[in-house]
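What the coordinates show
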Amino acid sequence: MKKRLAAALLTAVFCVTGLAACGTGTDAKQEAGQDSEGSGDSENAGGSKEGASYKIGIVQFVDDASLNQIEKALEKGLDAKGEELGVTFVYDGYVSNGQADATVLNQIGADLVADDVDAVIAIATPAAQVMQAAVEDTDIPLIFSAVTDPVTAGLVEDLNEPGVNITGTSDALDTNAVFDLMFAASPDIKSVGLLYSKSEDASTRAIEEAKEYCKNKGVEVIEKTGTTNDEVSLGADALIAAGVDAVFTPTDNTVMKAELAIYEKFIDAKIPHYTGADSFALNGAFLGYGVNYEELGTATAQMAAEIVAGGADPAKTAVQMLDNGIATVNIETAEKIGLDYSMFSGMCETVKEITTAEEFE
């Protein structure tokens, strides 16, 4: 697959606001030899014009195992849905990765708007926020994936009725469930380290919930933050030096990107790292808890197809929340730190075992 190389020409910050209008473009149909009325194509039961072609921009915030898994599932899901509906979703040439760079993300958004794509799919909260600004004052719908808290992030007004031309799927984390597992495995915890990035809205609510949980338990909380791999690594060192009994990270892409560089530090210190996504466990953390990201990507593709080809109104399309109860344990890490997790099987929907790798197969 060819990926668009976006030039870093514009400057912006990640946290942006703005509401966009609703609708779809027509260039993709015209490129396929059809006009905006469908040029006599038969209309199928889903409301799409059979034989039509739609351009879909896919924007990924950064390379990490979970987001890569979503992007692959999106492509597969769009292909399957296109075959089902008798249409073509064209994403080849419109897939981009912002590499956590606001300037690059802004240029990607500008390019997609200039290309008059029929929809933009943004993977992760920071990418969705930048794309929100990009499609403002256009009729291009935005469908997000893996946005933990869409309301707090300013993307939608309400989860059930977004009220704008933006909707999508959420990987909202059940923070209390993660801490229940933590204290079930280690009842005598006296201090918990919180490792996260302040620049990501996805971490805000989970960190607040973690602090409240620990307060109610009478457990000390030590916070360390970072916005780069080096800063996250230094944060991990500081938590180890402080002697915390466990570390918690929510669905934080900044720490996820650094996990391969820090997991052995926690192993050497015999400190379990509890996190908000299975990709952390894949990259060496003791436990990742949350949704199945392949299913999340598939669900996002289906939603995008219903909006672009089926005529669904994103303003009235509820944000989809997937079942959140999968505990993924890195069995190599568990063995090295000597932590029993057998009690987890009765505390969550599924316990999956995994070994350390860079990417999902």
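Residues numbered from 1 in each chain as written. Predicted model: local features only at pLDDT ≥ 70, side-chain atom pairs only at ≥ 80, totals over all residues. Heavy atoms only, no water.

**With respect to the overall build of the protein**
Note the following rule: Put simply, DSSP H or I for four residues or longer makes a helix, DSSP E for two residues or longer makes a strand, and each gets a number counted from the N terminus. Burial here depends on accessible area, computed with a 1.4 Å probe over protein chains only, as a share of the maximum for the residue type. Under 20% is buried, over 50% is exposed, and the range in between is partly exposed. Whether two residues are in contact is decided by their heavy atoms: any pair within 4.5 Å suffices. We get accessible surface area from the Shrake-Rupley algorithm with a probe of 1.4 Å; when it comes to residues, only the shown protein chains can shield them.
Looking only at helices and strands, the protein features 11 helices and 14 strands. In the protein, which comprises 361 residues, the share counted as buried stands at 57%. Counted over contacts in the protein with a minimum sequence separation of 6, partners at least 24 positions apart contribute 75%. In the form shown here, the protein has an accessible surface area of approximately 14,300 Å², with 46% of it arising from carbon and sulfur atoms.

**Looking at the sheet that holds strand β14 (residues 350-354)**
Worth spelling out the cut-off: Two strands make a pair as long as DSSP finds a minimum of two bridges between them. Every angle, taken between N-to-C directions, lies between 0 and 180 degrees, and every axis is a line fitted to C-alpha atoms, over only the stretch in contact when it is a helix.
The strand order across the open sheet formed by 7 strands is β8-β7-β9-β10-β11-β13-β14, and the pairing between neighbours is mixed. Only two strands of the sheet have a single neighbouring strand rather than two, namely β8 (220-225) and β14. Adjacent strand axes in the sheet meet at a mean angle of 20°, parallel and antiparallel pairs treated alike. In terms of strand pairing, strand β7 (residues 191-196) meets β8 through 6 bridges, oriented parallel. Bridge pairing links Y196 to T225 in β8.

**Brief notes about a negative patch on the surface**
Under the convention used in this document: Patch criteria: residues need more than 30% relative accessible area and no salt bridge. Like-charged residues are merged within 9 Å; nonpolar side chains of Val, Leu, Ile, Met, Phe, Trp and Tyr are merged within 5 Å. Here, a salt bridge means any Lys or Arg side-chain nitrogen found within 4 Å of an Asp or Glu carboxyl oxygen. Charge counting treats Lys and Arg as positive and Asp and Glu as negative, with His and both chain ends excluded. Charged side chains are reduced to one point each, which is NZ for Lys, CZ for Arg, CG for Asp and CD for Glu.
Taken together, the side chains of E294, E295, D323 and E349 present a region of like negative charge at the surface. Tracing the backbone shows D323 in the loop between β12 (320-321) and β13 (326-330). Classification of D323 by relative accessible area gives exposed; the value is 61%.

**Concerning the nonpolar core**
Filter applied, for reference: To qualify as a nonpolar core, a set must consist of buried Ala, Val, Leu, Ile, Met, Phe, Trp, Tyr and Cys residues joined through side-chain atoms within 4.5 Å.
Grouped together as the largest cluster of nonpolar side chains are 73 residues, with contacts concentrated most on I56, F89, V120 and L195. Here this core gets 9 residues from one element, more than from any other, and that element is helix α10 (residues 293-308). Setting aside residues up to four positions removed in sequence, I56 forms contacts with L78, F89, V90, Y91, Y94, A119, I121 and V308.

**Here we look at unusual backbone geometry**
Within the chain, D116 stands out as a residue other than glycine whose phi angle is a positive 55°. Relative to the helices and strands, D116 resides in the loop between α3 (102-114) and β4 (119-123). By relative accessible area, D116 is classed as partly exposed at 22%.

**Concerning the pairing of strand β1 (residues 53-60)**
As a reminder, the rule being used: Handedness of a crossover is defined as follows: with both strands directed away from the viewer, a clockwise route from the first strand across the helix to the second makes it right-handed.
Burial of β1 is extensive: 8 of the 8 residues sit out of reach of the surface. Residues of β1 alternate between two faces, with S53, K55, G57 and V59 on one and Y54, I56, I58 and Q60 on the opposite face, all of them buried. Pairing between β1 and strand β2 (residues 88-90): 3 bridges, direction parallel. Opposite Y54, over in β2, you have F89 as the bridge partner. Handedness of the crossover joining β1 and β2 through helix α2 (residues 65-85): right-handed. Note: β1 against strand β3 (residues 95-97), 3 bridges, orientation parallel. Bridge pairing links Q60 to N97 in β3.

**Section: helix α4 (residues 125-135)**
Along α4, 9 of the 11 residues are buried, which leaves the element largely enclosed by surrounding structure. For α4, every residue scored as buried is listed here: T125, P126, A127, A128, Q129, V130, M131, Q132 and V135. Following α4 by one or two positions, D137 has its phi on the positive side, about 70°.

**Brief notes about the pattern of salt bridges**
Per the counting criterion, the structure on display carries 4 salt bridges. E84 is the partner of K81 in a salt bridge, and the nearest nitrogen-oxygen pair spans 3.3 Å. Taken together, the residues K81 and E84, both in helix α2 and 3 residues apart, mark about one turn of the helix. Accessibility expressed as a relative area gives 57% for E84, which makes it exposed. Between D149 and R205 there is a salt bridge whose closest N-O contact spans 3.2 Å.

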